[in-house]
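Okay, here's what each chain looks like letter by letter:
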Amino acid sequence: MEQELLDLVQASFPIEQRPFLELAKKLGSSEEEVMELYKKLKSEGIIRQTSAIFDTKSLGYDSSLVAFKVKDIEKAAEVVNAHPGVSHNYERDHDFNLWFTIAVAPGSRLGLRKTVEILAKEGGADEYIVLPTKKMFKIKVHLDTTGKRAKKERLERKERKEMALEPHHLKLIKLLQEDIEPVREPFKDVVESLGVDYEWLVNEAKRLQDAGYMRRFATILRHRKAGFNANAMVVWDVDEGKACEIGQKVAEFSAVSHCYLRPTYPNWPYSLFSMIHGKSKEEVQEVVKEIAKEINPRAYRYLYSTREFKKQRIKYFSPQFEAWEERHVG
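Quick notes on the overall build of the chain
Part 1: Secondary structure summary: the chain contains eleven helices and eleven strands in total.
Part 2: Compactness check: the chain gives a C-alpha radius of gyration of 20 Å against a globular reference of 20 Å for 330 residues, within 12% of the reference.
Part 3: Principal axes of the C-alpha set define a box for the chain whose edges measure 55 × 50 × 40 Å.
Part 4: Across the 330 residues in the chain, those meeting the buried criterion constitute 50%.
Part 5: The contacts in the chain between residues at least 6 apart in sequence include a share of 77% that link residues at least 24 apart.
Part 6: Carbon and sulfur atoms make up 48% of the accessible area of the chain, which totals about 16100 Å².

Comments concerning the packing of helix 1 (residues 2-11) against helix 3 (residues 31-43)
When two helices pack together, their arrangement is given by the angle between their axes and by how far apart the axes lie.
Part 1: Taken N-terminus to C-terminus, the directions of helix 1 and helix 3 make an angle of 85°; their axes are 11 Å apart at the nearest point. Relative to helix 3, the element helix 1 lies roughly perpendicular. Residues Glu2, Leu5 and Leu6 of helix 1 form the contact with helix 3, whose participating residues are Val34, Leu37, Tyr38, Lys40 and Leu41.
Part 2: Looking at the contact of helix 1 with helix 3 residue by residue, the classes come out as six nonpolar, no polar and two charged.

As for the sheet that holds strand 11 (residues 299-311)
As a general point, the strands of a sheet are linked pairwise by backbone hydrogen bonds and lie either parallel or antiparallel.
Part 1: Read across the open sheet, the nine strands follow the order 5-2-4-3-11-8-10-9-6; overall the sheet is antiparallel. Pairing within the sheet leaves two strands with one partner each, and these edge strands are strand 5 (125-131) and strand 6 (135-139). Sheet twist, expressed as the mean angle between neighbouring strand axes with direction ignored, is 25°.
Part 2: Sheet topology note: the strand 2 (residues 62-70)/strand 5 ladder contains six bridges and is antiparallel. Its bridge partner being in strand 5, Leu65 is matched across the sheet by Leu131.
Part 3: Running at roughly 70° to strand 11, helix 4 (residues 73-81) makes contact with strand 2, strand 3 (86-92), strand 4 (98-104) and strand 11 of the sheet.

Section: the nonpolar core
One broad trend across soluble globular proteins is that nonpolar side chains are buried collectively.
Part 1: In terms of nonpolar packing, the biggest core is built from 45 residues, with Phe13, Leu176, Phe187 and Leu201 touching the most fellow members.
Part 2: If you list the elements that add at least two residues to this core, you get helix 1, helix 2 (19-27), helix 3, strand 1 (47-54), helix 6 (167-176), helix 7 (188-194), helix 8 (198-210) and strand 7 (214-221).
Part 3: Counting residues per element, this core draws most heavily on helix 3, at five residues.
Part 4: Every residue in contact with Phe13, bar those within four places of it in the chain, is listed here: Pro19, Phe20, Leu23, Tyr38, Thr50, Ile180, Phe187, Phe217, Ala218 and Thr219.

So, the packing of aromatic side chains
Part 1: All told, the structure shown has 19 aromatic pairs when counted by the stated rule.
Part 2: For the pair Tyr61 and Tyr316, a centre-to-centre distance of 5.0 Å together with 80° between the ring planes defines the contact as edge-to-face. A residue pair is termed long-range when its members are at least 10 positions apart, and Tyr61 in the loop between strand 1 and strand 2 and Tyr316 in the loop between strand 11 and helix 11 (320-328) qualify at 255 residues. As far as the burial class goes, Tyr61 and Tyr316 line up, both buried.
Part 3: Ring geometry for Tyr300 and Tyr302: centres 6.2 Å apart, planes at 70°, overall edge-to-face.
Part 4: Overall, the relative accessible area of 32% leaves Tyr300 in the partly exposed class.
Part 5: Through successive ring pairs, a cluster of aromatic residues spans Phe13, Phe20, Tyr38, Phe187 and Phe217.
Part 6: Residue placement shows Arg262 over the ring face of Tyr260; its charged tip is 4.4 Å from the ring centre.

Points about the pattern of salt bridges
Part 1: Counted according to the given criterion, the structure contains 26 salt bridges.
Part 2: Here Glu326 ties to Arg109 by a salt bridge, and the two come within 3.0 Å at their closest N and O atoms. Here Arg109 lies in the loop between strand 4 and helix 5 (111-123) and Glu326 lies in helix 11, a separation of 217 residues in the sequence.
Part 3: Through salt bridges that share partners, Arg18, Glu31, Glu32 and Arg184 make up one connected network.

Examining unusual backbone geometry
What you tend to see is this: most non-glycine residues have negative phi, and most peptide bonds are trans.
Part 1: Its identity as a non-glycine residue notwithstanding, Asn296 has a phi of 50°, on the positive side.
Part 2: Here Asn296 shows up in the loop between helix 10 (281-295) and strand 11.
Part 3: A relative accessible area of 65% places Asn296 in the exposed class.
Part 4: Residues other than glycine seldom take positive phi values, yet Phe317 does so here, at roughly 60°.
Part 5: Note that Phe317 resides in the loop between strand 11 and helix 11.

A short note on helix 8
Part 1: The terminal C-alpha atoms of helix 8, which comprises 13 residues, lie 18 Å apart, in line with the 18 Å expected from a rise of 1.5 Å per residue.
Part 2: Among the residues of helix 8, Tyr198, Leu201, Glu204, Ala205, Leu208 and Asp210 are the ones counted as buried.
Part 3: One or two residues past the end of helix 8 sits Gly212, with phi positive at roughly 90°.

Observations regarding the packing of helix 2 against helix 3
Part 1: Interhelical geometry of helix 2 versus helix 3 gives an angle of 105° and a closest axis separation of 8 Å. In terms of orientation, helix 2 lies roughly perpendicular with respect to helix 3. Across the interface between the two elements, Phe20, Leu21, Leu23, Ala24 and Leu27 from helix 2 touch Glu31, Val34, Met35 and Tyr38 from helix 3.
Part 2: Taken together, the residues that form the contact of helix 2 with helix 3 break down as eight nonpolar, no polar and one charged.

Definitions and limits used
Residues numbered from 1 in each chain as written. Predicted model: local features only at pLDDT ≥ 70, side-chain atom pairs only at ≥ 80, totals over all residues. Heavy atoms only, no water. Helix = DSSP H or I, 4+ residues; strand = E, 2+ residues; numbered from the N terminus. Rg over C-alpha atoms; globule rule 2.2 N^0.38 Å. Buried < 20%, exposed > 50% of the residue type's maximum accessible area, 1.4 Å probe, protein only. Contact = heavy atoms within 4.5 Å. Areas by Shrake-Rupley, 256 points an atom, 1.4 Å probe, with all protein chains shown as cover. Axes fitted to C-alpha atoms, helices over the stretch in contact; angles between N-to-C directions. Parallel < 35°, antiparallel > 145°, perpendicular 65-115°, else oblique. Nonpolar A, V, L, I, M, F, W, Y, C, P; charged D, E, K, R; others polar. Pairing = 2+ DSSP bridges. Core = buried A, V, L, I, M, F, W, Y, C linked by side-chain atoms within 4.5 Å. Phe/Tyr/Trp six-rings, centres within 6.5 Å; stacked < 30°, edge-to-face > 60°. Lys NZ or Arg CZ within 6 Å of the ring centre and 35° of its normal. Salt bridge = Lys/Arg side-chain N within 4 Å of Asp/Glu carboxyl O. Expected span 1.5 Å × (residues − 1).

Structure, rendered in structure tokens:
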């Protein structure tokens with residue numbers, strides 16, 4: 001049941017009054033047993049966090065992937081990690097050795113480019129490239145813990161419903177960012193803080209999702225603890241005229257969690273980025289071979305993460321963004 005639970009909660013953790021009871025029904029188990037199993041997986045470090053996954057762009061944030069070429073990587077990582085908009089920061093096996101994602105808040109006085117410039121200067125970067133998303137084909141981290149998923153999956157594009165964010169939605173977003181507790185009613189604090197009932201919570205969370213503000217409410221695992229020891233960023237040099245068609249093909253592979261089209265530079269020819277997860281390097285390489293055979297790229301290369309410096313969800317609408325800028329505005 002352990003692997004089945006991990007598979008279920010990665011896809012979606014139910015926003016209900018008693019979500020563990022809902023999960024128990026699907027697993028043919030009891031609420032108590034599922035809660036105890038969740039606690040065990042959390043204490044073992046397999047489950048990292050269960051909370052809302054929001055769409056950065058929809059919430060008005062400007063974001064990008066950035067790569068630094070640095071000599072003192074520990075110092076640079078410390079500088080980069082201090083920015084509240086940095087969610088992921090890794091050492092990778094390339095001359096550009098520090099890779100991170102960063103977002104700046106709506107109304108930022110510095111903006112994305114200036115913020116990166118400051119981080120590069122303070123972090124001692126010899127060179128850097130800014131790689132914003134030109135087109136997103138897929139973003140869905142769902143490790144195949146059961147081994148039952150098909151090699152390829154159909155990608156669905158949902159029509160977004162119009163929705164204006166009201167002040168109470170911003171409060172709800174802040175609350176849904178928090179990691180849940182493994183108790184019978186993990187959303188009790190949310191409804192009490194907002195002075196609403198569970199019906200309102202369920203409906204408004206669904207509206208946030210239908211409007212594209214929230215991608216899903218789900219569990220994120222620690223890859224290596226869950227047995228997925230090889231996690232490679234694979235970058236592809238492809239024909240620009242066919243990039244969208246090729247990106248769609250790459251995104252259909254179940255082992256691919258992220259797939260984006262990004263800009264190229266004289267020192268960086270790779271426009272298509274994919275994240276591929278496997279239990280071993282051999283497993284990842286097998287997937288990459290299959291993708292390469294199907295899309296026939298000009299070139300490609302692996303960028304394995306060799307060290308994790310930071311991995312956490314952004315706290316949207318946090319005062320930390322303004323505080324960081326206050327310290328850095330000249």
